[in-house]
Amino acid sequence: MQFWRSNHIPGGITFERDAAMPAFNQGAPCPLVLAGEHHLIVCYYMNRPMPEFGGTNPKPMSEITADEPCASVRFEGVQDFRFGPPNVDSAMKLLELFPEFKPWSAHVTNMRNWVSDILQAPKTPIAPLHSAGLRHYVLSFHDSTIEVIARGYCVEQGVGSVHAMIAKQHALRERVSD
């Protein structure tokens, strides 16, 4: 159960900003997702200072905008993920409940409801659940949120488009599995 959609948010929940994940572009991070059975790759535009931007004529961004700083986050040991609402405006209500929650940021939370649901799901001998070290990650982008239950992640940074970055990650993934 995602905490965004929960009617009851239990006490004792904390959010810890994940400083190891590069900061998101606050205007248009344009996140793209590539998912497999036990991995998830999220690519997005990173935040960068723009001293020449005075609030007028913003640069239009899309998944194919080139020459922008990008990050690729590859989650490993993924048990579940969700991509969709809320956007950052809806998530602002969390600031009242959790002052440590920061929009446009990545967090690790101790919200265990969803992890508990996964751990209690029926398991087969062929595909046992590898529950050791699962963490609940929350990536709060401008227009959407990605929640991931996984063991960990690694980050790669580059310059280009998020589309090119995810294609590169897909090609690397294919070579590793051959």
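Located above this text is the structure these notes cover.
What comes next concerns the included structure. (Residues numbered from 1 in each chain as written. Predicted model: local features only at pLDDT ≥ 70, side-chain atom pairs only at ≥ 80, totals over all residues. Heavy atoms only, no water.)

Right, let's talk about the environment of Phe101 for a bit. Counting through the fold element by element, Phe101 comes out in the loop between helix H2 (93-97) and strand S6 (106-109). Taking relative accessible area as the criterion, Phe101 reaches 0% and is therefore assigned buried. The spatial distance from the C-alpha of Phe101 to the C-alpha of Val138 is 9.9 Å, given a sequence separation of 37 residues. (Helix = DSSP H or I, 4+ residues; strand = E, 2+ residues; numbered from the N terminus. Buried < 20%, exposed > 50% of the residue type's maximum accessible area, 1.4 Å probe, protein only.)

Glancing now at the pairing of strand S8 (residues 145-150). Side-chain positions along a regular strand alternate between the two faces of the sheet. Counting buried positions over the 6 residues of S8 gives 6, a clear majority of the element. As paired elements, strand S5 (residues 80-84) and S8 share 5 bridges and run antiparallel to each other. The residue bridging Asp80 from the neighbouring strand is Ile149, located in S8. One ladder, built from 6 bridges, connects strand S7 (residues 135-140) with S8; its direction is antiparallel. Bridge pairing in S8 places Ser140 opposite Thr145. (Pairing = 2+ DSSP bridges.)

Looking now at the packing of aromatic side chains. A full pass over the atoms with the stated rule returns 6 aromatic pairs. With a centroid separation of 4.8 Å and an interplanar angle of 85°, the aromatic rings of Phe24 and Tyr44 are classed as edge-to-face. Here Phe24 is found in the loop between strand S1 (15-17) and strand S2 (32-35), whereas its partner Tyr44 is found in strand S3 (residues 39-45), with 20 residues between them in sequence. Of the two residues examined, Phe24 and Tyr44, each falls in the buried class. Taken together, a centroid distance of 5.5 Å and an interplanar angle of 85° make the contact between Tyr137 and Tyr153 edge-to-face. One end of the pair, Tyr137, is in strand S7; the other, Tyr153, is in strand S9 (residues 152-160), with 16 residues separating them in the sequence. Taken together, the ring pairs connect Phe24, Tyr44 and Phe141 into an aromatic cluster. (Phe/Tyr/Trp six-rings, centres within 6.5 Å; stacked < 30°, edge-to-face > 60°.)

Here 4 strands make up an open sheet; going across it, the order is S2-S3-S4-S9 and the pairing antiparallel. This sheet does not close on itself; its edge strands, each paired only once, are S2 and S9. The average angle at which neighbouring strand axes cross in this sheet is 15°, direction not considered. With 9 bridges joining them, strand S4 (residues 68-76) and S9 adopt antiparallel strand pairing. Bridging from a neighbouring strand, Glu76 pairs with Gly152 of S9. (Axes fitted to C-alpha atoms, helices over the stretch in contact; angles between N-to-C directions.)

What follows deals with the pattern of salt bridges. The tally for this structure, following the rule as stated, stands at 3 salt bridges. Taking the shortest distance from any N to any O, the salt bridge between Glu76 and Arg74 comes out at 2.9 Å. (Salt bridge = Lys/Arg side-chain N within 4 Å of Asp/Glu carboxyl O.)

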